[in-house]
Amino acid sequence: MKFNTKTIHGGQENDPAYGSVMPPIYQTSTYAQSTPGGHKGYEYSRTHNPTRNALEKAFASIENGNYGLAFGSGLAAIDAVLKLLSPGDEVVSTNDLYGGTYRLFTKIYKDFGIKFHFIGMDNVAHIESYINKNTKLIWVETPTNPMMNIIDIKATSQIAKEHNVLLAVDNTFATPYLQQPLDLGADIVMHSVTKYIGGHSDLVMGALVVKDKALADKLYFIQNASGAICGPQDAFLALRGIKTLHVRMQRHCENGRAVAEYLALHPKIDKVYWPGFENHPNHDIAKSQMKDFGGMVSFVTADSNYNAAIKIVEKLKVFTLAESLGGVESLAGHPASMTHASIPKEEREKTGIVDALIRLSVGIEDVEDLIDDLKQAIG
Ligand SMILES: *Cc1c(COP(=O)(O)O)cnc(C)c1O
């Protein structure tokens, strides 16, 4: 099955009870047994729920994996991966990382005895110098948030394999429509389903997908033991979102390109970060591992004053000033004061997250309206 067909049919069966085309929302905590242990595969909804299982199969299908797991948020999914580790283990991670992931690593797992190295990964050879006998996990986000750096997944996976280290890729920005990390050698794909996969800004959810059965079994154990699952209503909404992922992404990419090109020519804009530009430092890798360049665009105003950026985001009318990304509607954010406020200013600025940086999640509205809105806000 090809990708667009998989988004609609992958892992899905019509419901055996009445043939309903969409899986019903099994809003139940428990399941009747005829005799102790006499059940139909479902005992308790933390462990298994038919709506969630249908979604987990869809996740596995669209990411070309064998096993999918759904969690109550993207961070709950990351948390489950970190629980594979033990005190003394080390993680090599992208330095330009989603703020919440950085907070989970440094404010929770560091205290449990896990050591993190946050490094620039645009030069993959750099990763190897941080690997030692305690290294158990490489954590990659690509494109990175919000600087839109690109990391070579295939080359990183070769290093991970040589050193017997797991490679996990946060694929939230790209989605499986653009990039399929398991096919490039990653062991674990993670999603904030809240973003593009859900696609409608109406749920918070996370996902993991893996190929290997032993790894999947460990993660299912953690999912059930720690209990950070999603509910059946949200599972239903995410399934509905997946069915239009490919058409939404196609439009996000078209609009993202038009907005990036508009900003690049604007005299009041200093820099535009978008991997589709030929002069983007990792454009060639982006081109080789992604089908297109997505709908996320970051830019820096020529006036480096904090208030210059704030004024623009306040003036936007079609773009909504809000955290999050990946919905059908366009959003604008100011990373330094919003999504990345939990990263110390000094750390933040090292990776380019200056006060004048604005991040756009370009939606699927008419692109002329989006550009007109930017025009009036930037002036
Ligand atoms: C939002 C986000 C997360 C966290 O996901 P939640 O669903 O908000 O818990 C992780 N990584 C990236 C890249 C994100 O954008």
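Residues numbered from 1 in each chain as written. Predicted model: local features only at pLDDT ≥ 70, side-chain atom pairs only at ≥ 80, totals over all residues. Heavy atoms only, no water.

Caption draft 1: Highlighting the site of the ligand. Taken together, 13 residues surround the ligand, and among them G74, D170, S192, T194 and K195 come closest. Within the complex, the protein chains bury 93% of what would otherwise be the 380 Å² of accessible surface of the ligand. Considered class by class, the residues forming the shell around the ligand number 5 nonpolar, 5 polar and 3 charged. (Near = heavy atom within 4 Å. Areas by Shrake-Rupley, 256 points an atom, 1.4 Å probe, with all protein chains shown as cover. Nonpolar A, V, L, I, M, F, W, Y, C, P; charged D, E, K, R; others polar.)

Caption draft 2: Structural view of a negative patch on the surface. Taken together, D366, E368, D369 and D372 make up a surface patch of like negative charges. Within the secondary structure, D372 sits in helix α14 (residues 367–378). (Patch = residues over 30% accessible without salt bridge, like charges linked within 9 Å, V, L, I, M, F, W, Y side chains within 5 Å. Salt bridge = Lys/Arg side-chain N within 4 Å of Asp/Glu carboxyl O. Lys, Arg positive; Asp, Glu negative; His and termini not counted. Charge placed at Lys NZ, Arg CZ, Asp CG, Glu CD. Helix = DSSP H or I, 4+ residues; strand = E, 2+ residues; numbered from the N terminus.)

Caption draft 3: Spatial organisation of helix α10 (residues 245–264). Spanning 20 residues, α10 covers 28 Å between terminal C-alpha atoms, matching the ideal 28 Å at 1.5 Å per step. Considered for burial, the residues of α10 that qualify are L245, H246, R248, M249, H252, C253, N255, G256, V259, A260, Y262 and L263. (Expected span 1.5 Å × (residues − 1). Buried < 20%, exposed > 50% of the residue type's maximum accessible area, 1.4 Å probe, protein only.)

Caption draft 4: Structural view of the sheet that holds strand β5 (residues 166–170). Across the sheet, 7 strands lie side by side as β1-β7-β6-β5-β4-β2-β3; this open sheet has mixed pairing. Edge positions in the open sheet fall to β1 (67–71) and β3 (115–119), since each of these has one partner strand only. Neighbour to neighbour, the strand axes of the sheet diverge by 20° on average, direction disregarded. With 3 bridges connecting them, β5 and strand β6 (residues 188–192) associate as parallel partners. Bridging from a neighbouring strand, D170 pairs with M190 of β6. (Pairing = 2+ DSSP bridges. Axes fitted to C-alpha atoms, helices over the stretch in contact; angles between N-to-C directions.)

Caption draft 5: Local environment of the packing of aromatic side chains. On inspection of all chains with the given rule, the structure shows 10 aromatic pairs. Ring geometry for Y102 and F118: centres 4.9 Å apart, planes at 50°, overall tilted. Here the residue Y102 occupies a position in helix α4 (residues 99–109), and F118 occupies one in strand β3, the gap between them amounting to 16 residues. According to the relative accessible area criterion, Y102 is buried, its value standing at 13%. Take F118: its relative accessible area is 25%, and that puts it in the partly exposed class. On the numbers, 5.1 Å between centres and 80° between planes, the contact of W274 with F277 is edge-to-face. (Phe/Tyr/Trp six-rings, centres within 6.5 Å; stacked < 30°, edge-to-face > 60°.)

Caption draft 6: Representation of the pattern of salt bridges within the structure. On inspection of all chains with the given rule, the structure shows 11 salt bridges. The partner of K213 in a salt bridge is D217, and the shortest N-O contact between them spans 2.8 Å. Taken together, the residues span about one helical turn, with K213 and D217 both in helix α8 (residues 213–226) at a distance of 4 residues. Residue D217 is classed as partly exposed on the basis of its relative accessible area, which comes to 38%.

Caption draft 7: Layout of the nonpolar core. Core analysis: the largest hydrophobic core is formed by 68 residues, its most contacted members being L55, F59, L263, L360 and L374. At 7 residues, the largest contribution of residues to this core is made by α10. Three or more residues apiece are contributed to this core by two domains, here domain 1 (3–242) and domain 2 (245–378). Beyond its immediate chain neighbours, meaning those up to four positions away, L263 contacts I269, V272, V297, F299, L360, L374 and I378. V81, L97, F105 and I222 belong to the second largest nonpolar core, which has 29 residues in total. (Core = buried A, V, L, I, M, F, W, Y, C linked by side-chain atoms within 4.5 Å. Domains from an automatic or database assignment. Contact = heavy atoms within 4.5 Å.)

Caption draft 8: Summary view of unusual backbone geometry. Residue T142 is joined to P143 through a cis peptide bond whose omega torsion reads -5°. Within the secondary structure, P143 sits in the loop between β4 (135–141) and α6 (153–162). Following N145, the chain continues to P146 via a peptide bond in cis, the omega torsion being 5°. Among the secondary structure elements, P146 is positioned in the loop between β4 and α6.

Caption draft 9: Region of interest: helix α9 (residues 232–242). Within the sequence span of α9, burial applies to P232, A235, F236, A238, L239, G241 and I242. If you follow the buried residues of α9, they end up packed against α1 (3–9), α2 (50–62) and α10.

Caption draft 10: A look at the pairing of strand β2 (residues 90–94). The buried fraction of β2 amounts to 5 of the 5 residues, a majority that puts the element mostly inside the structure. Here β2 pairs with β3 via 5 bridges, running parallel. The residue of β3 that forms the bridge with E90 is K115. In the classification by handedness, the crossover that spans β2, the intervening α4 and the parallel β3 is right-handed. Two strands pair when backbone bridges link them, and β2 and β4 are joined in this way by 4 bridges, in the parallel orientation. Looking at β4, one finds that V92 is bridged to I138. (Right-handed = clockwise from strand over helix to strand, strands pointing away.)

Caption draft 11: Structural view of the sheet that holds strand β11 (residues 331–333). Taken in spatial order, the 5 strands of this open sheet run β8-β9-β12-β11-β10, and their pairing is mixed. In the strand order of this sheet, the two ends are held by β8 (269–273) and β10 (320–321), each with one partner. Both β10 and β11 contribute to a ladder of 2 bridges, which runs parallel. Residue pairing across strands places T320 opposite L331, the latter belonging to β11.

Caption draft 12: How the structure looks around the UniProt feature "modified residue: N6-(pyridoxal phosphate)lysine" (unreviewed entry) in the protein. In the numbering used here, UniProt assigns the "modified residue: N6-(pyridoxal phosphate)lysine" (unreviewed entry) feature to K195. Topologically, K195 is positioned in the loop between β6 and β7 (206–210). Apart from residues no more than four positions distant in its own chain, K195 is found in contact with Y98, T172, S324, L325 and G326. (UniProt positions renumbered as here; feature names shortened; annotations may be inferred.)

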